[in-house]
Amino acid sequence: MEAPGEQTASDVWARVKRRLRAELGEDIFASWFGRLELDSVIEGCAYLTVPTRFLKSWIESHYADRVLTVYRSEAGNVERVSIGVRNTLGRDPAAQRRASETPRPVPTASMAMPSMTGEIKAPSGAAHQDERGENGDLGGAPLDSRLTFESFIVGRSNALAHAAADRVAHAQNGQAIYNPLYLHAGVGLGKTHLLHAIGHEVRAQGRRVIYLTADRFMYGFVASLKAQTSLAFKERLRGIDLLIIDDVQFIQGKQIQQEFGHTLNALIDAGRQIVIAADRPPADLENLDERVRSRLAGGLVVEVSALDEALRTSILTTRVEAVKTIHPSFEVGPNVIAYVARAITANGRDLEGAVNRLLAHATLTGSAITLETAETAIRDLVRNREPKRVKIEDIQKLVASRYNVSRSDILSERRTAAVVRPRQIAMYLSKVLTLRSLPEIGRRFGGRDHTTVLHAVRKIEKALGEDHALSDEVELLKRMLQE
């Protein structure tokens, strides 16, 4: 249970994020602040963390004053903000302080075995440099030695993605196939694991491999521009056999996107293999240049769908067996595994968290794991399931059906009252229930300007406060869309 001060700091940070989202817009917030987290507030300084140096540099250069201004308006005791990079304690004074006070943790399941979903970060000794020494020059991310095809658990939901990845990794004579191979999935479903597995297999064949996150690609390109070595950066990047890009949805900036597109074209035309991963299909990457999206969609696009119950059970069983190699007394019965597999449906990361919680309960209390203790241990994971992703098309269809108009009416230029109100409600729900920006929503509603969408959103917001019947109707539509 959190101490009162910690709870207050968490609440303040939640308000700060809501204000940043409202002031900067959904696109900017999702791109640069979605992974910004509060570490602690100590002696008037709010210590924030991000996963990469690129994000840290970008936020400090462009948004540091805005973040501090918003923070001070919500918490008068905060006088400054410090941004550090997660997993690098040397850059984070607050983390250093905690590290000296915190006892060494008991090894957990995540330390004991490879990730089945590719979401565990590589340990400090896991970095592997390309045989020709190019990773260091290009700023390539390390491949995690634990994330291989052998440690990947295959089930119905990921079988096609696994088969495609295996085919690419073992292509005869290094011939590029399904080029590019594009995997998309939500968080914790295994796409990153498959990327690392492909990289290991191709590198073992003596071929040149570069694995980059979108952040690292952007950081490398921007750094090369500053150092006036961009031409050498491009040539080295295009001289490899396999390019792997993870989280491509985060690539931002017109010049960087153009260079990314040129790199794709050059490698594909030269017969070099490209493997891409993202959280959505190419057509939904609306921040990317249309030509880049078309190039990404020109290969094989495979979705890794949600883990089915049988696969979740297999992952849990394997996790528990791995933990038992370190903690032989750790026993989890089949009935408990079955319960956890049914209760946690979001992703593999939550399954890993469930095993860690069960292990903590067993080692700290010394009692056996029962259904009752398991229910208590994983309660927060069950409560915090990921909400359903709502699509604008689904909103338009439901609203049209509810108000007895057609979807084409909503997208049309008609201005009759019977069409205008449903259109405005659909625009409002699109803003509230999706991550799309106002310009994106406008394009989805017949190519309208973002100011039209903003007007509709504000009008419905005002009406909801005055019309209880409309408020109830909109809440019902929300529930229907989210179920």
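Scroll up a little and you will see the structure.
Residues numbered from 1 in each chain as written. Predicted model: local features only at pLDDT ≥ 70, side-chain atom pairs only at ≥ 80, totals over all residues. Heavy atoms only, no water.

**What to know about the packing of helix H14 (residues 309-324) against helix H16 (residues 348-365)**
Two measures define how a pair of helices packs: the angle their axes make with one another and the distance between the axes. Under the convention used in this document: Helix axes are fitted only over the stretch in contact, all axes being lines through C-alpha atoms; the angle between N-to-C directions runs from 0 to 180 degrees. Going along the chain from the N terminus, every DSSP run of H or I of four or more residues is numbered as a helix, and every run of E of two or more is numbered as a strand. We call two directions roughly parallel when the angle between them is under 35 degrees, roughly antiparallel when it is over 145, roughly perpendicular when it lies between 65 and 115, and oblique otherwise. Handedness of a crossing follows from how the near helix is turned relative to the far one, being left-handed for an anticlockwise turn of less than a right angle and right-handed for a clockwise one. Contacts: residue pairs with any heavy atoms within 4.5 Å of one another. Under the scheme applied here, ten amino acids are nonpolar (Ala, Val, Leu, Ile, Met, Phe, Trp, Tyr, Cys and Pro), four are charged (Asp, Glu, Lys and Arg), and all others, including Gly, are polar.
At a minimum axis distance of 10 Å, the contact between H14 and H16 shows a crossing angle of 40 degrees. Taken together, the axes of H14 and H16 are oblique relative to one another. In this structure, the crossing between H14 and H16 has a hand that is right-handed. Along its contact with H14, which presents Arg312, Ile315, Leu316, Arg319, Val320 and Val323, the element H16 presents Gly348, Leu351, Glu352, Val355 and Leu359. When the residues that make up the contact of H14 with H16 are grouped by side-chain class, the tally is 7 nonpolar, 1 polar and 3 charged.

**What about the packing of H14 against helix H15 (residues 334-343)?**
Where H14 meets H15, the closest approach of the two axes is 9 Å, and the angle between their N-to-C directions is 130 degrees. With respect to H15, the axis of H14 lies oblique. The crossing of H14 and H15 is right-handed. On the side of H14, the interface is formed by Glu309, Arg312, Thr313, Leu316, Thr317 and Val320, while H15 contributes Ile337, Val340, Ala341 and Arg342. Split by residue class, the contact of H14 with H15 holds 5 nonpolar, 2 polar and 3 charged.

**Regarding the sheet that holds strand E3 (residues 80-85)**
So the rule is basically this: Each pair of strands is called paired provided DSSP finds at least two bridges between the two strands.
Taken in spatial order, the 3 strands of this open sheet run E1-E2-E3, and their pairing is mixed. At either end of the open sheet lies a strand with only one pairing partner, and these are strand E1 (37-42) and E3. Across the sheet, the mean angle from the axis of one strand to that of its neighbour is 25 degrees, orientation sign disregarded. Pairing geometry for E1 and strand E2 (residues 45-50), over 5 bridges, is antiparallel. Bridging from a neighbouring strand, Ser40 pairs with Tyr47 of E2. Where helix H3 (residues 53-62) meets the sheet, it contacts E2 and E3, and its direction lies at approximately 155 degrees from that of E3.

Read these as geometric descriptors, not functional statements.
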